[in-house]
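Reading the structure
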Amino acid sequence: MSSVNPLKRINREISSFAKSKEKEIEELKERENFRREFIADVSHELKTPIFAAQGFVHTLLDGAINDKEVRKKFLKKAAKSLDALDLLVADILTISQIESGEIKMHFENFDMRGMCAEIIDQLDGKSEKKGVELKMSKKYKDPIIVRGDYRRIYQVMLNLISNAIKYTKNGGQAKISFKEIEDSKIRIMVTDNGRGIPESDISRIFERFYRVDKSRSREKGGTGLGLSIVKHILESHDSEIFVESEYKIGSTFYFDLNKANYIDKVDEGWEEEE
Ligand code: ADP
């Protein structure tokens, strides 16, 4: 009978305990770095609209308030900066909640076509004003029932379609289409023939606060957080966001979702086995 040397066993246990603690410390360090970078990025981003609003208000107080036309113009600009600040704070809150795992996903079955029709209705005014035609492919006439968190997938689609409109010139098009992937998944695609993304920027656009053209994105009311939020939401659906884009030609953003009937079938299968 072989007996294990107790000293060796204790040594092994100590070494494995030390390793697990080392890993924990590494993770804590990583989280702390992330938190520090996040706070630095957020403070930097918050400064822009605050600084702009401050500038307009102070100029008004320094005398511009006495001229009716100038007063109106500056108040409008200050209001625009405060609106941007409001959007930014909402996006920062969403991203910090998702990243810290505070937001729980509520999975349900819903109709993806119905959701897209609703979003088209919501963005109709915006696309019309911009002169961008917004449409959905007619290839699928029946509801496309998928499984996911309705509110969060709505947010994903709203971000992608808003971007398609935002980065496409007057006379352009933004289109939503679908494609079956195997039996189990449906691909959702948002295509535009807008400005496209330079190849050197493509790998970075999903990073928080990354914009290809910072000042133009801000001017268009962008927070630089939309795609980062999209990426996180899809990750919690075991999915991923992809983009194919050609500079000055256009872009297609796409992701896959599980079809609900496929999941039902699998669930039934499991029940039968029990
Ligand atoms: P933003 O609020 O600036 O739109 P996003 O995170 O949604 O931030 O997008 C990041 C950057 O990716 C944008 O600033 C823009 O440069 C680029 N981008 C996103 N969608 C498109 C698109 N459909 N066409 C061209 N560029 C895009």
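The shown structure was predicted, so the numbers you read here are calculated from the model rather than taken from an experiment.

Rules of the game
- Residues numbered from 1 in each chain as written.
- Predicted model: local features only at pLDDT ≥ 70, side-chain atom pairs only at ≥ 80, totals over all residues.
- Heavy atoms only, no water.
- Salt bridge = Lys/Arg side-chain N within 4 Å of Asp/Glu carboxyl O.
- Helix = DSSP H or I, 4+ residues; strand = E, 2+ residues; numbered from the N terminus.
- Buried < 20%, exposed > 50% of the residue type's maximum accessible area, 1.4 Å probe, protein only.
- Core = buried A, V, L, I, M, F, W, Y, C linked by side-chain atoms within 4.5 Å.
- Contact = heavy atoms within 4.5 Å.
- Expected span 1.5 Å × (residues − 1).
- Bend = angle between axes of the 7 residues up to and from the residue.
- Polar contact = N/O pair within 3.5 Å; in protein donor to acceptor, adjacent residues only side chain to side chain.
- Axes fitted to C-alpha atoms, helices over the stretch in contact; angles between N-to-C directions.
- Parallel < 35°, antiparallel > 145°, perpendicular 65-115°, else oblique.
- Left-handed = near helix turned anticlockwise from the far one by under 90°.
- Nonpolar A, V, L, I, M, F, W, Y, C, P; charged D, E, K, R; others polar.
- Pairing = 2+ DSSP bridges.
- UniProt positions renumbered as here; feature names shortened; annotations may be inferred.

**A short note on the pattern of salt bridges**
Applying the stated criterion across every chain yields a total of 11 salt bridges. Taking the shortest distance from any N to any O, the salt bridge between E45 and R211 comes out at 3.1 Å. One end of the pair, E45, is in helix α1 (residues 6-61); the other, R211, is in the loop between α5 (199-202) and α6 (214-219), with 166 residues separating them in the sequence. Under the relative-accessibility criterion, E45 is labelled buried at 4%. What makes R211 buried here is its relative accessible area of 9%. Among the ionic pairs, R187 bridges to D256, the shortest N-O distance being 2.8 Å. Placement of R187 in strand β5 (residues 185-192) and of D256 in strand β7 (residues 250-258) is noted, with a sequence separation of 69 residues between them. Considered together, R187 and D256 belong to a single accessibility category, that of buried residues.

**Some words on the nonpolar core**
Membership of the largest hydrophobic core comes to 52 residues, with the highest contact counts inside it found for M112, M157, L160, I161, F178, F253 and F255. A total of 8 residues in this core trace back to one element, the largest contributor, which is helix α4 (residues 150-166). Once residues lying within four places of it in the same chain are set aside, the contact partners of F255 are V156, M157, L160, I186, R187, I188, L234, S239, E240 and I241.

**Let's talk about helix α3 (residues 112-130)**
The first and last C-alpha atoms of α3 sit 25 Å apart over 19 residues, in line with the 27 Å expected at 1.5 Å per residue. Where α3 bends most, at L123, the angle is about 55°. What α3 keeps buried is the set M112, R113, M115, C116, I119, I120, L123 and S127. Residue D111 occupies the N-cap position of α3, its side-chain oxygen lying 3.0 Å from the main-chain nitrogen of R113.

**Here we look at the packing of α1 against helix α2 (residues 68-99)**
Orientation of α1 relative to α2, taken along the N-to-C sense of each, is 165°, at an axis distance of 8 Å. If you check the angle between α1 and α2, you find them roughly antiparallel. Relative to α2, α1 is oriented so that their crossing is left-handed. Each residue belonging to the contact of α1 with α2 can be placed in one class, and the counts come to 21 nonpolar, 3 polar and 4 charged.

**Quick notes on the environment of K80**
Within the element layout of this structure, K80 appears in helix α2. Distance from K80 to A53, taken between C-alpha atoms, is 8.3 Å for residues 27 residues apart in sequence.

**As for the sheet that holds strand β2 (residues 133-136)**
Strand order across the open sheet formed by 5 strands is β2-β4-β5-β7-β6, with mixed pairing between neighbours. In this open sheet, the two edge strands, each paired with only one partner strand, are β2 and β6 (242-246). Pairs of neighbouring strands in the sheet enclose a mean axial angle of 15°, with direction left out of account. Relative to β7, β5 runs antiparallel, the two being bridged by 8 bridges. In the sheet register, M189 faces β7, and the bridge partner there is Y254. Contacting β2, β4 (173-181), β5 and β7, α4 runs over the sheet at an angle of about 25° to β5.

**Regarding the UniProt feature "domain: Histidine kinase" (unreviewed entry) in the protein chain**
Mapped onto the present numbering, the UniProt feature "domain: Histidine kinase" (unreviewed entry) falls on residues 41-261. The span residues 41-261 carries 50% helix and 19% strand; its end-to-end C-alpha distance comes to 42 Å.

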